[in-house]
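Inside the fold
As a plain string of letters, each chain reads:
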Amino acid sequence: ALPAAAAQLCTAAGILAADESPCTFGRRLSAVGLPHADSLRAHWRQLLLTTPGAKEAGISGVILHEETFSQADAEHPDR
């Protein structure tokens, strides 16, 4: 576990905190005129995790809300 943690803490990268609760996320969606829907939160998180070049942009890890672990993505709907 320590080598993995050390690799994420290199000087050229950081950890993205994307662990907003569903309520906070819903307020952000409402502020831009979008409905508070599970599918939109799942889609947003999928975009965060699959964006090409994230590692090169300095993101070595992501802190996610526990809701994420029960969500499926478009490519793996059975998970």
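Our structure is the block above this text.
We now turn to the structure provided with this report. (Residues numbered from 1 in each chain as written. Predicted model: local features only at pLDDT ≥ 70, side-chain atom pairs only at ≥ 80, totals over all residues. Heavy atoms only, no water.)

1. Structural notes on the overall build of the protein
To keep things clear, this is the line we draw: The secondary structure listing takes helices from DSSP runs of H or I that are at least 4 residues long and strands from runs of E that are at least 2 residues long, numbered from the N terminus. Per-residue accessibility, obtained with a 1.4 Å probe over protein chains only, is compared with the maximum for each type, and a residue is labelled buried under 20%, exposed over 50%, and partly exposed between these values. Note on areas: Shrake-Rupley with a 1.4 Å probe; residue coverage comes only from the protein chains shown.
Helix and strand content of the protein: three helices and two strands. In the protein, which comprises 79 residues, the share counted as buried stands at 19%. As displayed, the protein offers around 5800 Å² of accessible surface, 61% of which is attributable to carbon and sulfur atoms.

2. So, the side chain of Arg 41
The test is simple: Counting of polar contacts relies on pairs of N or O atoms within 3.5 Å, with two restrictions inside protein: one atom must be capable of donating a hydrogen and the other of accepting it, and residues adjacent in sequence are counted only when both atoms are side-chain atoms. By definition in these notes, contact holds between two residues if any of their heavy atoms fall within 4.5 Å.
Topologically, Arg 41 is positioned in helix H3 (residues 38-50). Side-chain polar atoms of Arg 41 contact the side chain of Asp 38, separated by 2.4 Å. Once residues lying within four places of it in the same chain are set aside, the contact partners of Arg 41 are Pro 22, Phe 25, Leu 29, His 36, Glu 67 and Gln 71.

3. Quick word on the environment of Ile 59
Tracing the sequence through the fold places Ile 59 in strand S2 (residues 59-64). On the basis of relative accessible area, Ile 59 is assigned to the partly exposed category, the value being 31%. Sequence separation between Ile 59 and Gly 14 is 45 residues; the distance between their C-alpha atoms is 5.1 Å.

4. Section: H3
The condition is simple: Multiplying 1.5 Å by the helix residue count minus one yields the expected span of that helix. Taken from the helix axis, the directions to the C-beta atoms give the arc we talk about.
Between the first and last C-alpha of H3 there are 18 Å, a value that for 13 residues agrees with the 18 Å anticipated at 1.5 Å per step. Within H3, the full set of buried residues consists of Arg 41, Ala 42, Arg 45 and Gln 46. Angularly, the buried residues of H3 cover 135° about the axis, an arc narrow enough to put them on a single face. On its buried face, H3 is in contact with strand S1 (14-18) and helix H2 (22-31).

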